[in-house]
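Chain by chain, the residues:
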Amino acid sequence: MAGQSRSAAVASTAHGAFVHATLRGAGCQRPGDRLYAGTWRTCTAAAAPTGGLSVPYDLSGAVLGRDISLVLAGGIALGAYEAGAFAGLLGQAGLRPGWLAGSSIGAVNAAIVAGSPPDRQIERLRQFWDAMASDPLPFTSFWLGHPAAGLWRQALNERSAMDTLLLGRPGLFRPRLAPGFQIGVQDVPALFDLAPLRDKLGQLVDFNLLNSGATRLSLCCTDVVSGDRVVFDTGRGDRIGVEHVLASCALLPLFAPVEVGGRLLADGGLAANTPLDLVLDDLAPDEGADREMLCFVVELFARQGSRSHTLAASASRAGDLAFGNQTRRILEGRQREHRLRGLIGRLAIHLSPEVRQDAEVAAIPAEGRTDRTSVVTIAYRAGLDEAGLFKVFDFSRATLNDRWNAGEAAMRDAATTAGLAPSNPSTMLDVVDA
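This structure is a prediction, so every number in the text was calculated from the model and none was measured. (Residues numbered from 1 in each chain as written. Predicted model: local features only at pLDDT ≥ 70, side-chain atom pairs only at ≥ 80, totals over all residues. Heavy atoms only, no water.)

Turning next to the overall build of the protein. Secondary structure summary: the protein contains 14 helices and twelve strands in total. When each of the 434 residues of the protein is scored for burial, the buried share is 52%. Restricting the contact set of the protein to residue pairs at least 6 apart, pairs at least 24 apart contribute 75%. Carbon and sulfur atoms make up 58% of the accessible area of the protein, which amounts to about 19,300 Å² in all. (Helix = DSSP H or I, 4+ residues; strand = E, 2+ residues; numbered from the N terminus. Buried < 20%, exposed > 50% of the residue type's maximum accessible area, 1.4 Å probe, protein only. Contact = heavy atoms within 4.5 Å. Areas by Shrake-Rupley, 256 points an atom, 1.4 Å probe, with all protein chains shown as cover.)

In this structure the tally under the stated criterion is 19 salt bridges. The residue aspartate 193 makes a salt bridge to arginine 174 at a minimum N-O spacing of 3.5 Å. In this pair, aspartate 193 is assigned in strand β5 (residues 192-193) and arginine 174 in strand β4 (residues 174-175), connecting sequence segments 19 residues apart. Among the residues examined, aspartate 193 registers a relative accessible area of 0% and is labelled buried. Look at arginine 174 and you get partly exposed, because its relative accessible area is 22%. Ionic pairing is found between aspartate 199 and arginine 198, a salt bridge with its closest N-O pair at 3.3 Å. Here the salt bridges do not stand alone but share partners, grouping Arg216, Asp233, Arg236 and Asp282 into one network. (Salt bridge = Lys/Arg side-chain N within 4 Å of Asp/Glu carboxyl O.)

So, about the pairing of strand β2 (residues 66-72). Burial analysis of β2 places six of its seven residues in the buried class, which makes it a mostly covered element. The pairing of β2 with strand β3 (residues 99-103) spans four bridges and is parallel. Counterpart to serine 69 in the pairing with β3 is tryptophan 99. (Pairing = 2+ DSSP bridges.)

Estimates place the volume of the second largest pocket at around 590 Å³. Lining the second largest pocket are 24 residues, with Ala313, Ser316, Ala382, Gly383 and Leu384 sitting closest to its centre. Mapped onto the lining of the second largest pocket, the elements with two or more residues apiece are α6 (151-167) and α12 (311-349). At five residues, α12 tops the list of elements feeding residues into the lining of the second largest pocket. Here the residues of the lining of the second largest pocket sort into seven nonpolar, ten polar and seven charged. (1 Å grid on protein atoms, 1.4 Å probe; cavity = no way out; pocket = protein on both sides within 12 Å on 5 of 7 lines; lining within 4 Å. Points joined across faces, edges and corners; volume = space filled by probe spheres on them. Nonpolar A, V, L, I, M, F, W, Y, C, P; charged D, E, K, R; others polar.)

Attention now goes to the side chain of threonine 399. Structurally, threonine 399 can be placed in helix α14 (residues 397-419). Since its relative accessible area comes to 1%, threonine 399 is described here as buried. Polar contacts involving the side chain of threonine 399 include one to the side chain of arginine 153, which spans 3.3 Å. What threonine 399 contacts, discounting residues up to four positions off in sequence, is Arg153, Asn157, Glu386 and Asp394. (Polar contact = N/O pair within 3.5 Å; in protein donor to acceptor, adjacent residues only side chain to side chain.)

To continue, consider the state of the cysteines. A covalent bond bridging the sulfur atoms of two cysteines is what the word disulfide describes. Counting across every chain of the model gives zero disulfides. This cysteine, cysteine 220, is not joined by any disulfide, and cysteine 221 carries the nearest cysteine sulfur, 7.4 Å off. With no disulfide of its own, cysteine 249 lies 8.5 Å from the sulfur of cysteine 221, the closest cysteine sulfur. For cysteine 249, a relative accessible area of 8% translates into the label buried. (Disulfide = S-S within 2.5 Å.)

Once that is clear, we can look at helix α7 (residues 195-204). Of the residues making up α7, those classed as buried are Ala195, Pro196, Leu197, Lys200, Leu201 and Leu204. Where the residues of α7 are buried, they touch α3 (105-114), α4 (121-132), β4, β5, α8 (207-210) and α9 (242-249).

Per the stated rule, a full pass over the model turns up five cavities of 30 Å³ or more. Considering only enclosed or pocket space, the largest cavity measures out at about 100 Å³ in volume. Surrounding the largest cavity, Ile76, Ser104, Ile105, Leu172, Phe173, Leu194, Leu197, Cys249, Leu251, Phe255 and Asp267 form its lining.

The next point concerns a nonpolar patch on the surface. Taken together, the side chains of Val224, Val225, Leu252 and Leu270 present a nonpolar region at the surface, about 340 Å² in accessible area. Residue position: valine 225 is located in the loop between β6 (216-223) and β7 (229-233). (Patch = residues over 30% accessible without salt bridge, like charges linked within 9 Å, V, L, I, M, F, W, Y side chains within 5 Å.)

Running from amino to carboxyl end, α7 crosses α9 at an angle of 135°, the nearest separation of the two axes being 10 Å. By the angle between their directions, the pair α7 and α9 is classed as oblique. With respect to the hand of their crossing, α7 and α9 are arranged in right-handed fashion. Residues Leu197, Arg198 and Leu201 of α7 lie in contact with α9, whose contacting residues are Val242, Val245, Leu246 and Cys249. Considered class by class, the residues forming the contact of α7 with α9 number six nonpolar, no polar and one charged. (Axes fitted to C-alpha atoms, helices over the stretch in contact; angles between N-to-C directions. Parallel < 35°, antiparallel > 145°, perpendicular 65-115°, else oblique. Left-handed = near helix turned anticlockwise from the far one by under 90°.)

This paragraph deals with unusual backbone geometry. The residue after leucine 252, namely proline 253, is reached through a cis peptide bond having omega -5°. Relative to the helices and strands, proline 253 is located in the loop between α9 and β8 (258-260). At isoleucine 76, a residue that is not glycine, the phi angle is positive and equals roughly 50°. With respect to the element layout, isoleucine 76 can be found in the loop between β2 and α2 (79-92). Positive phi is not limited to glycine here, since serine 104 has a value of about 60°. Here serine 104 is to be found in the loop between β3 and α3.

Our next topic: the nonpolar core. Counting 77 residues, the largest nonpolar core has Phe128, Trp129 and Phe296 as the members making the most contacts within it. Among the nonpolar cores identified, the runner-up in size contains 14 residues, and Ala101, Val279, Leu280 and Val431 belong to it. (Core = buried A, V, L, I, M, F, W, Y, C linked by side-chain atoms within 4.5 Å.)

Listed below in structure tokens is the structure:
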């Protein structure tokens, strides 16, 4: 068995070298995009080769020795793209992340994965998003089916979003005025209540398994009073319950904040919609020698887009830019930091013991690091027939299926493109936009 595993790894790596060489020949690597000591590469669908490229179903041998992490952003109904991305990472690429970090709906997806047996993670995600799906015009869909694109599809998407805003989404949230137990503090007004989500998480998530340490989970919230970001991390000894997940989803003023540990907490996206920095900043300077991290980031608001021709499209684009640029600024800042820490780490190797013991010098080598991180980002790009500004409230079954499929395909391609790329020993932080 050991020999067979080694053979599979060698074959997968060899195939990966071929894939990487093919992609480079297709123009996917842009030397002009190098930033600082890290490498910034972009590979778009237009640049990818169209013939003779096969995608392996098991890439695990090619990333042997790397820690795999997955960062999931907030975006309400756009979260179906993240669920599909996880399915592409695990089911197609054969890569299982050992660390999940998320905000808002990303926290929900991450909790479902971390709180499910390994062989049922994709199944549980499917159950959740199937329960969220709706059909705004069931009679018409029964006779005519769901249009693939065009004005009729856009009308259905907008109708679905309006239904959600008026009636809530069964299994996820309901109007705040509905009778029954309510989630969140009662003295802060809100439009909707997250009690249905609490019940759904109770059905799908095993919180004992989630807190067992089998998969590290980090959830982000925002302190409404102080404005501070609050992180709950099972890797740091925190025990995460359903109230922590609900707090991470409590986007003001849609939902009331949740009181946890004496703090009034709301949506993590109000502080960092894509909490990528949790993964990049985790290691203490002296812990990362020779460690390699491969971090996949799923962004739900694409930084790159197209020219807007309506007010609704402009408003939607503004949201994409606000969140998408937030992630890009985090990456740029961390590349500068990793470059400096890498230089310090290299310099510290050449210091004599006498210099290291000097009081003014002793603290400086501790700031160096030699671990290497590769960040692979994919971003959801909404179609022209989506509901524009209200696309995050579109839970129509056709749209959720499209988002799942798009996430699965994007992640499968991203894992192939970047996960198999040869590691650059001189690079502290390598960023690939897949």
